[in-house]
Amino acid sequence: MNKNVKSKSVFFCTECGYESAKWMGQCPACKNWNTFSEEPVNVNVSKKGSFSDKPPVIMKISEISMTEEDKITTGITEFDRVMGGGIVPGSLTLVGGDPGIGKSTLLLQVCMHLGRKNNRILYISGEESLKQIKMRAVRLGDFPDAVELMCETNLDRIEEIVSLRKPDTVIIDSIQTMYLDGVSSAPGSVSQVRESTGVLMRIAKGLGISVFIVGHVTKEGTVAGPRVLEHMVDTVLYFEGDRHASYRILRGVKNRFGATDEIGVFEMRENGLNEVLNPSEFMLNGRPEGAGGCIVSCSMEGTRPILIEIQALVSPTNFGIPRRQAQGTDINKLNLLMAVLEKRVGISLGNCDAYVNIAGGIKVSEPAIDLGIVLSIVSSFRNKPIPADTIAFGEVGLSGEVRSVSQIEGRIGEARKLGFKKCIVPESARESLKNQKGIETVFVKSVADAINCAF
Ligand code: TYD
Ligand code: MG
């Protein structure tokens, strides 16, 4: 490195990693405000042990053997499903989530299960002392000796130790505490996080070790969030949920080895995370009876239909501008659906506040719940409950039409399983749902039809 060069600095968006020569108030890439932080640019990372030491391996696709057994299952069904069937050796996985949501707990449990299958694991923590990890581990169960712990934040040393010991799986908790000597910015900065991930990638691909990286989602400050490294890793999982409630949802956002959009549902108890094998039942727990403004709808999360309760509260506005609030779904969708109700059905909501909530804290973006949202708003507006054994789903278009949704049979099956009696579905599904037993299907063409059938 030329010592005479004045050390320069650049600005990075801590949210998405966008690089700029000057400070900006809003990131042009991810549109977040106040996310730029200044970092020096003298990255001097040694490239020792990179793949270029080895002769290149060039093969024809037909020659490469690949079997499903190549994936290592943990035995935690919910986790394996989100991972696309299991852990691919030599893959790099990012587990992101808010601080305190349970990422360390989840990965420690994964370690415990893998260790029982004689997988050799090195859990490297930069956040907690060995004693603290032990205190947590004792709550989770009996750990086999195959799980080894280490407290370390210097990635140069970690790389050395890992290449000497060659474990099967390495956990890095968390990427924001790790640093490389060759990068002069502080741990957690965008350049440190990126370069560190590069080293971990080398460990994963070069030595065939599966690496899990914990990344905290940060709300402010100069600490880089996990989105900065999403594009570098093979699999991205986010652990979400309301910190005040006990359930947690593990969501696959990116997966180079399997389907994304799968979710795994867990419940946090005093002995760690427990799998929730029937999430619909869990989401509908504690439903109020005969209350206005509530209806159950169904969202496909990956390959699984999950029933969710939609709650709406519509009340006259006390101030000039009506308030609209959506929790668990998109506020723009709520505004759009209320406009459809005004214009196409003639329900005047201009002087009403409206709050919509998906009970259970799950976030749903699927359009299939549109019809449920519309009906819950009408139910609250008219103060008339919808029968508790009714379920509705369908996408609502701008002309007030109810459009078809995918995998309608799977959704109805789930509703029948949980004892629902009436199902309001799009007209287009009439052919595919000819002979349904045990559940009454009502086919609707428009939102107005649906409102007539629901009450
Ligand atoms: P943790 O895994 O430390 O979160 P993260 O690594 O994402 O920051 O989870 C900590 C929370 O989980 C903490 O609030 C306590 C709770 N918890 C339980 O409720 N039961 C348990 O058995 C464990 C280990 C943690
Ligand atoms: Mg942690």
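Residues numbered from 1 in each chain as written. Chains lettered and ligands numbered in written order. Predicted model: local features only at pLDDT ≥ 70, side-chain atom pairs only at ≥ 80, totals over all residues. Heavy atoms only, no water.

Details of the overall build of the protein
Counting secondary structure elements, the protein contains ten helices and 21 strands. Buried residues in the protein amount to 50% of all 455 residues. Considering only contacts within the protein whose residues lie at least 6 apart along the sequence, 67% involve residues at least 24 apart. Between the averaged position of the 53 positive side-chain charges in the protein and that of its 53 negative side-chain charges there is a distance of 2 Å. (Helix = DSSP H or I, 4+ residues; strand = E, 2+ residues; numbered from the N terminus. Buried < 20%, exposed > 50% of the residue type's maximum accessible area, 1.4 Å probe, protein only. Contact = heavy atoms within 4.5 Å. Lys, Arg positive; Asp, Glu negative; His and termini not counted. Charge placed at Lys NZ, Arg CZ, Asp CG, Glu CD.)

Focus: helix α8 (residues 370-382)
It helps to recall that an α-helix has 3.6 residues per turn; residues three or four apart then point in one direction. With 13 residues, α8 should cover 18 Å at 1.5 Å per step; its first-to-last C-alpha distance of 19 Å lies within 8% of that length. A large share of α8 lies buried, amounting to eleven of its 13 residues. Taken residue by residue, α8 has D370, L371, G372, I373, V374, L375, S376, I377, V378, S379 and S380 as its buried positions. A positive phi of about 60° marks N383, the residue just after α8. (Expected span 1.5 Å × (residues − 1).)

Some thoughts on the pattern of salt bridges
All chains considered together, the criterion is met by 17 salt bridges. In this structure, the salt-bridge partner of E78 is R81, at a minimum N-O distance of 3.0 Å. Taken as a pair, E78 and R81 lie in helix α1 (residues 77-82) at a separation of three residues, close to a single helical turn. Owing to a relative accessible area of 0%, E78 belongs among the buried residues under this scheme. Exposure remark for R81: the relative accessible area of 22% places this residue in the partly exposed category. (Salt bridge = Lys/Arg side-chain N within 4 Å of Asp/Glu carboxyl O.)

Some details on the site of ligand 1
Taken together, 16 residues surround ligand 1, and among them G100, S104, T105, R269 and G272 come closest. A distance of 3.4 Å separates an oxygen atom of ligand 1 from a polar backbone atom of I101. Between ligand 1 and the protein, one listed contact pairs an oxygen atom with a backbone N or O atom of K103 at 2.8 Å. Isolated, ligand 1 exposes 560 Å² of accessible area, and the fraction of that covered by the protein chains is 75%. Broken down by secondary-structure element, the contributors of at least two residues to the shell around ligand 1 are α2 (103-116), α3 (130-140) and β11 (263-269). (Near = heavy atom within 4 Å. Polar contact = N/O pair within 3.5 Å; in protein donor to acceptor, adjacent residues only side chain to side chain. Areas by Shrake-Rupley, 256 points an atom, 1.4 Å probe, with all protein chains shown as cover.)

Thoughts on the confidence of the model for the protein
When pLDDT is averaged along the protein, the result is 88, and 94% of the positions lie at 70 or above. Taken as a whole, residues 1-5 scores under 50 in pLDDT and shows one contact with residues more than four places along the chain or in a different chain. (pLDDT = per-residue confidence, 0-100.)

Looking at the side chain of T329
Along the chain, T329 turns up in the loop between β15 (324-327) and α7 (331-345). Of the residues examined, T329 reaches a relative accessible area of 12% and is grouped as buried. If sequence neighbours within four positions are ignored, T329 has contacts with V356, I358, V364, I369 and I373.

Side note on the sheet that holds strand β2 (residues 19-20)
Taken together, the three strands give an open sheet; going across it, the order is β2-β1-β3, and neighbouring strands pair in antiparallel fashion. Two strands in the sheet have a free side with no partner beyond their single neighbour: β2 and β3 (36-40). Inspection of the sheet shows strand β1 (residues 9-13) paired to β2 by two bridges, in the antiparallel sense. Residue F11 lies in a different strand from β2, and its bridge partner there is S20. Against the sheet, helix α5 (residues 190-207) engages β1 and β3, with an angle of about 80° to β1. (Pairing = 2+ DSSP bridges. Axes fitted to C-alpha atoms, helices over the stretch in contact; angles between N-to-C directions.)

Digging into the packing of aromatic side chains
In the structure shown here, the tally under the stated rule is four aromatic pairs. Measuring from centroid to centroid gives 6.2 Å for F239 and F266, while their planes differ by 75°, and the two rings are edge-to-face. Note that F239 is positioned in strand β9 (residues 235-240) and F266 in strand β11, a separation of 27 residues in sequence. With respect to class, F239 is no different from F266; both count as buried. For the cation-ring pair, R382 lies above F455, with the distance from its terminal atom to the ring centre recorded as 5.7 Å. Over the face of the ring belonging to F393 we find R411, whose NZ or CZ atom lies 5.7 Å from the ring centre. (Phe/Tyr/Trp six-rings, centres within 6.5 Å; stacked < 30°, edge-to-face > 60°. Lys NZ or Arg CZ within 6 Å of the ring centre and 35° of its normal.)

A few points about the nonpolar core
Membership of the largest hydrophobic core comes to 42 residues, with the highest contact counts inside it found for L341, L371, L375, I377 and I424. Those elements that provide at least two residues to this core are β11, β14 (304-316), α7, β16 (352-358), α8, β21 (440-444) and α10 (447-454). Looking at this core, the element that brings in the most residues is α8, giving six residues. (Core = buried A, V, L, I, M, F, W, Y, C linked by side-chain atoms within 4.5 Å.)

Brief notes about the environment of T93
Relative to the assigned elements, T93 resides in strand β4 (residues 92-97). Between the alpha carbons of T93 and R81 there is a distance of 14 Å; along the sequence they are twelve residues apart. Setting aside residues up to four positions removed in sequence, T93 forms contacts with M83, V211, F212, I213, T235 and L237.

A look at α7
Given a rise of 1.5 Å per residue, 15 residues ought to cover 21 Å, and the 20 Å separating the end C-alpha atoms of α7 matches this to within 8%. Every buried residue of α7 is accounted for by K333, L334, L337, M338, V340 and L341. Down the axis of α7, the sector holding all buried residues measures 150°, keeping them to one side. Along α7, exposed side chains directed more than 90 degrees from the buried face belong to N332 and K343. On its buried face, α7 sits against β15, β16, α8, β18 (395-396) and α10. G346 lies just past α7 and shows a positive phi near 80°. (Arc of directions from axis to C-beta.)

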